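Listed below, chain by chain, are the residues.
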Amino acid sequence: MTMTTPLADHSAPVERPGPRNKAAVANRRRLSTAHAAMYFLLTTLALLWIFPLLWALYNSFRDYDYVLTHGYLSVGGFTLSNYTESWQVGGIPHYFFNSMLITIPAVLLILFIGSMAAFVLARFPWKFNVIMLAVFIAGNLLPQQTLLTPLFRLYNAIPLPYWMSSSGSLYDSYWGLILVHVAFQTGFCVFVLSNYMKTVPPELLEAATVDGAGLFRQYWQVVLPLCRPALAALATLMITWIYNDFFWALALMVSGDKLPVTTALQNLQGSFFTDTNLLAAGSVLVALPTVLVFVALQRHFVSGLTMGANK
(Lines give C-alpha, C1' and ligand atoms only; values in the text may rest on other atoms or scores of the structure.)
Protein backbone atom coordinates (compact mmCIF):
# COMPACT_ATOMS: atom_id res chain seq x y z
CA MET A 1 0.00 0.00 0.00
CA THR A 2 1.53 3.24 -1.12
CA MET A 3 0.93 6.45 0.69
CA THR A 4 0.45 9.66 -1.24
CA THR A 5 1.33 13.05 0.11
CA PRO A 6 -0.55 16.14 -0.97
CA LEU A 7 1.32 18.47 -3.38
CA ALA A 8 2.91 21.45 -1.69
CA ASP A 9 1.41 24.79 -2.57
CA HIS A 10 4.28 26.90 -3.97
CA SER A 11 2.14 29.88 -4.88
CA ALA A 12 3.23 33.22 -3.43
CA PRO A 13 1.47 34.09 -0.22
CA VAL A 14 -1.09 36.81 -0.45
CA GLU A 15 0.20 39.99 1.19
CA ARG A 16 -2.24 41.54 3.48
CA PRO A 17 -2.25 45.25 3.83
CA GLY A 18 -0.23 46.13 6.87
CA PRO A 19 0.67 49.33 8.66
CA ARG A 20 3.70 49.92 6.41
CA ASN A 21 1.69 49.61 3.19
CA LYS A 22 -0.94 51.94 4.50
CA ALA A 23 1.72 54.49 5.47
CA ALA A 24 3.32 54.26 2.00
CA VAL A 25 -0.04 54.79 0.31
CA ALA A 26 -0.75 57.76 2.56
CA ASN A 27 2.69 59.24 1.77
CA ARG A 28 2.12 58.85 -1.97
CA ARG A 29 -1.23 60.57 -1.67
CA ARG A 30 0.31 63.44 0.28
CA LEU A 31 3.09 63.80 -2.30
CA SER A 32 0.65 63.80 -5.20
CA THR A 33 -1.47 66.42 -3.44
CA ALA A 34 1.63 68.54 -2.76
CA HIS A 35 2.75 68.24 -6.39
CA ALA A 36 -0.69 69.22 -7.66
CA ALA A 37 -0.74 72.23 -5.34
CA MET A 38 2.75 73.23 -6.43
CA TYR A 39 1.86 72.97 -10.14
CA PHE A 40 -1.30 74.98 -9.56
CA LEU A 41 0.61 77.70 -7.72
CA LEU A 42 3.37 77.88 -10.37
CA THR A 43 0.83 77.96 -13.20
CA THR A 44 -1.08 80.75 -11.51
CA LEU A 45 2.07 82.79 -10.94
CA ALA A 46 3.19 82.22 -14.55
CA LEU A 47 -0.17 83.40 -15.87
CA LEU A 48 -0.11 86.47 -13.63
CA TRP A 49 3.40 87.27 -14.82
CA ILE A 50 2.73 86.79 -18.53
CA PHE A 51 -0.70 88.46 -18.59
CA PRO A 52 0.63 92.07 -18.92
CA LEU A 53 2.89 90.96 -21.80
CA LEU A 54 0.05 89.23 -23.61
CA TRP A 55 -2.22 92.21 -22.97
CA ALA A 56 0.34 94.62 -24.45
CA LEU A 57 0.84 92.34 -27.44
CA TYR A 58 -2.93 92.10 -27.96
CA ASN A 59 -3.49 95.85 -27.82
CA SER A 60 -0.54 96.53 -30.11
CA PHE A 61 -2.63 95.10 -32.97
CA ARG A 62 -5.70 97.26 -32.20
CA ASP A 63 -6.66 100.73 -33.33
CA TYR A 64 -6.67 103.27 -30.53
CA ASP A 65 -9.81 105.08 -31.73
CA TYR A 66 -11.70 101.79 -31.83
CA VAL A 67 -10.59 101.02 -28.28
CA LEU A 68 -11.72 104.43 -27.04
CA THR A 69 -15.12 103.91 -28.65
CA HIS A 70 -15.77 100.28 -27.64
CA GLY A 71 -13.57 99.90 -24.56
CA TYR A 72 -10.45 97.87 -23.82
CA LEU A 73 -12.44 94.69 -23.13
CA SER A 74 -13.97 94.74 -26.62
CA VAL A 75 -12.81 92.54 -29.49
CA GLY A 76 -12.04 94.05 -32.88
CA GLY A 77 -10.30 96.99 -34.48
CA PHE A 78 -7.27 94.94 -35.47
CA THR A 79 -4.64 96.71 -37.57
CA LEU A 80 -0.94 96.66 -38.39
CA SER A 81 -0.62 100.42 -38.66
CA ASN A 82 0.69 100.68 -35.09
CA TYR A 83 3.82 98.77 -36.04
CA THR A 84 4.49 100.68 -39.24
CA GLU A 85 3.90 104.03 -37.53
CA SER A 86 6.04 103.21 -34.50
CA TRP A 87 8.81 101.97 -36.81
CA GLN A 88 8.82 105.26 -38.70
CA VAL A 89 7.86 107.84 -36.06
CA GLY A 90 9.97 106.31 -33.32
CA GLY A 91 13.04 106.05 -35.54
CA ILE A 92 13.59 102.51 -34.30
CA PRO A 93 16.08 101.45 -37.06
CA HIS A 94 18.44 104.33 -36.21
CA TYR A 95 18.28 103.78 -32.44
CA PHE A 96 18.54 100.03 -32.90
CA PHE A 97 21.83 100.58 -34.75
CA ASN A 98 23.04 102.71 -31.82
CA SER A 99 22.19 99.89 -29.42
CA MET A 100 24.19 97.44 -31.54
CA LEU A 101 27.20 99.78 -31.44
CA ILE A 102 27.03 99.65 -27.65
CA THR A 103 25.87 96.11 -26.93
CA ILE A 104 28.04 93.99 -29.24
CA PRO A 105 31.47 95.46 -28.29
CA ALA A 106 30.51 95.55 -24.60
CA VAL A 107 29.43 91.89 -24.53
CA LEU A 108 32.53 90.73 -26.44
CA LEU A 109 34.84 92.66 -24.11
CA ILE A 110 33.05 91.38 -21.00
CA LEU A 111 33.30 87.74 -22.10
CA PHE A 112 36.92 88.09 -23.25
CA ILE A 113 38.25 89.92 -20.19
CA GLY A 114 36.09 87.94 -17.77
CA SER A 115 37.11 84.57 -19.23
CA MET A 116 40.82 85.45 -19.09
CA ALA A 117 40.57 86.57 -15.46
CA ALA A 118 38.53 83.48 -14.59
CA PHE A 119 41.11 81.23 -16.27
CA VAL A 120 43.90 82.70 -14.16
CA LEU A 121 41.90 82.31 -10.94
CA ALA A 122 40.93 78.72 -11.80
CA ARG A 123 44.32 77.67 -13.21
CA PHE A 124 46.55 78.94 -10.39
CA PRO A 125 45.40 78.21 -6.81
CA TRP A 126 46.74 81.35 -5.17
CA LYS A 127 46.00 82.34 -1.59
CA PHE A 128 44.29 85.56 -2.65
CA ASN A 129 41.85 84.00 -5.13
CA VAL A 130 38.90 84.35 -2.75
CA ILE A 131 39.82 87.97 -2.06
CA MET A 132 40.10 88.71 -5.78
CA LEU A 133 36.72 87.12 -6.44
CA ALA A 134 35.25 89.22 -3.63
CA VAL A 135 36.70 92.35 -5.26
CA PHE A 136 35.14 91.40 -8.60
CA ILE A 137 31.75 90.76 -7.01
CA ALA A 138 31.87 93.96 -4.91
CA GLY A 139 31.25 96.02 -8.02
CA ASN A 140 27.89 94.32 -8.51
CA LEU A 141 26.84 94.70 -4.89
CA LEU A 142 27.16 98.49 -4.94
CA PRO A 143 24.12 100.33 -6.33
CA GLN A 144 25.06 101.88 -9.64
CA GLN A 145 23.18 105.11 -8.93
CA THR A 146 25.60 105.97 -6.13
CA LEU A 147 28.45 106.26 -8.67
CA LEU A 148 26.61 108.60 -11.03
CA THR A 149 28.11 111.86 -9.74
CA PRO A 150 31.79 110.79 -9.68
CA LEU A 151 31.42 109.05 -13.04
CA PHE A 152 29.81 112.13 -14.56
CA ARG A 153 32.70 114.34 -13.40
CA LEU A 154 35.27 111.74 -14.44
CA TYR A 155 33.82 111.35 -17.92
CA ASN A 156 33.89 115.11 -18.48
CA ALA A 157 37.51 115.27 -17.32
CA ILE A 158 38.87 112.50 -19.56
CA PRO A 159 39.71 113.92 -23.02
CA LEU A 160 39.23 111.99 -26.23
CA PRO A 161 40.14 112.93 -29.80
CA TYR A 162 37.26 114.27 -31.84
CA TRP A 163 37.36 111.31 -34.21
CA MET A 164 36.40 109.16 -31.21
CA SER A 165 33.97 111.56 -29.52
CA SER A 166 32.32 114.66 -30.91
CA SER A 167 32.25 116.18 -27.41
CA GLY A 168 36.02 115.92 -26.99
CA SER A 169 35.65 113.87 -23.80
CA LEU A 170 34.47 110.47 -22.64
CA TYR A 171 31.09 112.02 -21.84
CA ASP A 172 28.47 111.74 -24.58
CA SER A 173 30.32 108.96 -26.42
CA TYR A 174 29.74 105.30 -27.15
CA TRP A 175 33.09 104.49 -25.56
CA GLY A 176 31.84 105.74 -22.21
CA LEU A 177 28.76 103.54 -22.24
CA ILE A 178 30.78 100.51 -23.34
CA LEU A 179 33.32 101.04 -20.54
CA VAL A 180 30.71 101.46 -17.82
CA HIS A 181 28.96 98.25 -18.84
CA VAL A 182 32.25 96.36 -18.98
CA ALA A 183 33.20 97.65 -15.54
CA PHE A 184 29.92 96.64 -13.89
CA GLN A 185 29.32 93.28 -15.59
CA THR A 186 32.80 91.76 -15.72
CA GLY A 187 32.76 90.81 -12.04
CA PHE A 188 29.69 88.60 -12.41
CA CYS A 189 31.20 87.01 -15.52
CA VAL A 190 34.45 86.21 -13.67
CA PHE A 191 32.56 84.67 -10.76
CA VAL A 192 30.50 82.36 -12.98
CA LEU A 193 33.29 81.32 -15.35
CA SER A 194 35.87 80.70 -12.61
CA ASN A 195 33.53 78.23 -10.91
CA TYR A 196 32.84 76.55 -14.23
CA MET A 197 36.52 76.33 -15.21
CA LYS A 198 37.35 74.64 -11.91
CA THR A 199 35.32 71.64 -13.10
CA VAL A 200 37.62 71.16 -16.12
CA PRO A 201 39.79 68.06 -15.49
CA PRO A 202 43.38 69.14 -14.74
CA GLU A 203 44.63 66.21 -16.83
CA LEU A 204 43.59 68.11 -19.97
CA LEU A 205 45.77 71.08 -19.07
CA GLU A 206 48.64 68.80 -18.08
CA ALA A 207 48.41 67.03 -21.43
CA ALA A 208 48.37 70.38 -23.22
CA THR A 209 51.44 71.47 -21.26
CA VAL A 210 53.26 68.29 -22.21
CA ASP A 211 52.40 68.95 -25.86
CA GLY A 212 54.05 72.37 -25.58
CA ALA A 213 50.97 74.56 -25.33
CA GLY A 214 51.46 77.84 -23.53
CA LEU A 215 49.02 79.46 -21.13
CA PHE A 216 47.20 81.46 -23.78
CA ARG A 217 46.88 78.42 -26.03
CA GLN A 218 45.53 76.36 -23.11
CA TYR A 219 43.01 79.10 -22.44
CA TRP A 220 42.00 79.63 -26.07
CA GLN A 221 42.02 76.07 -27.47
CA VAL A 222 41.36 73.84 -24.44
CA VAL A 223 39.40 75.64 -21.73
CA LEU A 224 37.38 78.16 -23.72
CA PRO A 225 35.68 75.60 -26.04
CA LEU A 226 34.64 73.59 -22.97
CA CYS A 227 33.02 76.72 -21.49
CA ARG A 228 30.67 77.20 -24.43
CA PRO A 229 27.45 76.57 -22.40
CA ALA A 230 28.53 79.04 -19.71
CA LEU A 231 29.58 81.62 -22.29
CA ALA A 232 26.25 81.28 -24.12
CA ALA A 233 24.31 81.70 -20.88
CA LEU A 234 26.34 84.76 -19.91
CA ALA A 235 26.05 86.21 -23.42
CA THR A 236 22.27 85.90 -23.26
CA LEU A 237 22.13 87.66 -19.90
CA MET A 238 24.61 90.38 -20.87
CA ILE A 239 22.87 91.16 -24.16
CA THR A 240 19.56 91.47 -22.34
CA TRP A 241 20.93 93.68 -19.57
CA ILE A 242 22.99 96.01 -21.77
CA TYR A 243 20.43 96.22 -24.58
CA ASN A 244 17.67 97.14 -22.12
CA ASP A 245 19.78 99.70 -20.27
CA PHE A 246 18.07 103.06 -19.91
CA PHE A 247 19.74 104.66 -16.90
CA TRP A 248 23.35 105.03 -18.06
CA ALA A 249 22.32 106.10 -21.56
CA LEU A 250 20.40 109.08 -20.21
CA ALA A 251 23.00 109.90 -17.56
CA LEU A 252 26.15 109.75 -19.69
CA MET A 253 24.85 110.90 -23.08
CA VAL A 254 23.26 114.17 -24.15
CA SER A 255 23.01 113.89 -27.94
CA GLY A 256 19.61 112.58 -28.94
CA ASP A 257 20.87 110.89 -32.10
CA LYS A 258 23.32 108.75 -30.08
CA LEU A 259 20.81 107.29 -27.62
CA PRO A 260 20.01 103.54 -27.67
CA VAL A 261 16.76 101.99 -28.79
CA THR A 262 15.19 101.95 -25.32
CA THR A 263 14.98 105.74 -25.44
CA ALA A 264 13.23 105.64 -28.83
CA LEU A 265 9.98 104.91 -27.00
CA GLN A 266 10.06 108.49 -25.74
CA ASN A 267 9.42 109.65 -29.29
CA LEU A 268 6.09 107.82 -29.21
CA GLN A 269 4.87 109.75 -26.16
CA GLY A 270 3.26 113.14 -26.57
CA SER A 271 3.25 116.02 -24.13
CA PHE A 272 -0.53 115.92 -23.60
CA PHE A 273 -1.60 112.67 -25.24
CA THR A 274 -0.09 109.20 -25.58
CA ASP A 275 -1.37 106.48 -27.88
CA THR A 276 -0.90 103.48 -25.62
CA ASN A 277 -1.50 100.99 -28.43
CA LEU A 278 1.18 102.67 -30.52
CA LEU A 279 3.51 102.59 -27.53
CA ALA A 280 2.75 98.89 -27.03
CA ALA A 281 3.69 98.17 -30.65
CA GLY A 282 6.94 100.06 -30.24
CA SER A 283 7.71 98.13 -27.05
CA VAL A 284 7.17 94.83 -28.86
CA LEU A 285 9.54 95.90 -31.65
CA VAL A 286 12.17 97.00 -29.15
CA ALA A 287 11.93 93.76 -27.16
CA LEU A 288 11.95 91.49 -30.23
CA PRO A 289 15.77 91.28 -30.65
CA THR A 290 16.29 90.02 -27.09
CA VAL A 291 13.58 87.41 -27.60
CA LEU A 292 15.28 86.21 -30.79
CA VAL A 293 18.63 86.00 -29.00
CA PHE A 294 17.11 83.92 -26.21
CA VAL A 295 15.42 81.58 -28.69
CA ALA A 296 18.67 81.14 -30.62
CA LEU A 297 20.72 80.43 -27.48
CA GLN A 298 18.02 78.68 -25.47
CA ARG A 299 19.65 75.25 -25.52
CA HIS A 300 23.04 76.58 -24.43
CA PHE A 301 21.37 78.92 -21.93
CA VAL A 302 19.55 76.10 -20.15
CA SER A 303 22.64 73.88 -20.12
CA GLY A 304 24.66 76.78 -18.77
CA LEU A 305 22.19 77.38 -15.95
CA THR A 306 22.21 73.69 -14.97
CA MET A 307 26.00 73.32 -15.11
CA GLY A 308 27.32 71.45 -12.16
CA ALA A 309 23.92 70.04 -11.23
CA ASN A 310 24.95 66.49 -12.14
CA LYS A 311 28.11 65.23 -10.54
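Keep in mind that this is a model prediction, so the values were computed, not measured. Throughout, a residue's number is its position along its own chain's written sequence, starting from 1. With pLDDT at 70 or above as the cut-off, local features in this predicted model cover only qualifying residues; side-chain atom pairs require 80 or more to be listed or tallied, and sums for whole chains, interfaces and linings still use all residues. Side-chain measures were taken over the full set of non-hydrogen atoms in the model, leaving aside hydrogen atoms and water.

**Thoughts on the packing of aromatic side chains**
Link 1 in the chain: Under the pairing criterion, centres of Phe, Tyr and Trp rings, with the six-membered ring standing for Trp, must be within 6.5 Å; the plane angle then separates stacked pairs below 30 degrees from edge-to-face pairs above 60, leaving the rest tilted. A complete count under the given rule lists 13 aromatic pairs for this structure.
Link 2 in the chain: Seen from their ring centres, Phe 216 and Tyr 219 are 5.8 Å apart, and the 50° between their planes marks the pair as tilted. Linking Phe 216 with Tyr 219, this pair stays in helix H9 (residues 215-226), spanning three residues, or about one helical turn.
Link 3 in the chain: Owing to a relative accessible area of 52%, Phe 216 belongs among the exposed residues under this scheme.
Link 4 in the chain: Type-normalised accessible area, obtained with a 1.4 Å probe on protein chains alone, sets the label of each residue: buried when under 20%, exposed when over 50%, and partly exposed for intermediate values. Overall, Tyr 219 belongs to the buried group, its relative accessible area being 2%.
Link 5 in the chain: In this analysis the charged atom, NZ for Lys or CZ for Arg, is taken to sit over a ring once it is within 6 Å of the ring centre and within 35 degrees of the ring normal. One residue, Arg 123, lies across the ring of Phe 124, its end atom 5.6 Å from the ring centre. A run of H or I in DSSP becomes a helix once it reaches four residues, and a run of E becomes a strand once it reaches two; helices and strands are each numbered from the N terminus.

**Describing the packing of H9 against helix H10 (residues 228-243)**
Link 1 in the chain: Inter-axis angles, ranging from 0 to 180 degrees, are taken between N-to-C directions of lines fitted to C-alpha atoms, where helices are fitted over the stretch in contact. Packing of H9 against H10 leaves a shortest axis separation of 5 Å and a crossing angle of 70°. Taken together, the axis directions place H9 and H10 in an arrangement best described as roughly perpendicular. Packed against H9, whose contacting residues are Leu 224, Pro 225 and Leu 226, the element H10 presents Arg 228, Pro 229 and Leu 231 at the interface. Angle categories: roughly parallel below 35 degrees, roughly antiparallel above 145, roughly perpendicular from 65 to 115, and oblique for all the rest. We call two residues contacting when some pair of their heavy atoms lies within 4.5 Å.

**Concerning the side chain of Asn 277**
Link 1 in the chain: Among the secondary structure elements, Asn 277 is positioned in helix H12 (residues 276-296).
Link 2 in the chain: Not counting residues up to four positions away in its chain, the partners in contact with Asn 277 are Asn 59, Ser 60, Arg 62, Asp 63, Tyr 64, Val 67, Tyr 72 and Asn 82.

**A short note on the nonpolar core**
Link 1 in the chain: Nonpolar cores were defined as sets of buried Ala, Val, Leu, Ile, Met, Phe, Trp, Tyr and Cys residues, with membership established by side-chain atoms within 4.5 Å. Among the nonpolar cores identified, the biggest contains 52 residues, and Leu 177, Val 180 and Leu 193 are the most heavily contacted of them.
Link 2 in the chain: Broken down by element, the residue count for this core peaks at 10 residues, all from helix H7 (residues 174-197).

**Observations concerning a nonpolar patch on the surface**
Link 1 in the chain: Distance thresholds for patches are 9 Å for like charges and 5 Å for nonpolar side chains (Val, Leu, Ile, Met, Phe, Trp, Tyr), applied to residues having over 30% relative accessible area and no salt bridge. Areas reported as accessible are Shrake-Rupley estimates using a 1.4 Å probe. Residue values count occlusion only from the protein chains shown. Should a side-chain nitrogen of Lys or Arg be within 4 Å of a carboxyl oxygen of Asp or Glu, the pair is scored as a salt bridge. Taken together, the side chains of Leu 47, Trp 49, Ile 50, Leu 53, Leu 54, Leu 57, Phe 61, Val 75, Phe 78 and Leu 80 present a nonpolar region at the surface, about 1,000 Å² in accessible area.
Link 2 in the chain: Within the secondary structure layout, Leu 54 lies in helix H1 (residues 19-59).

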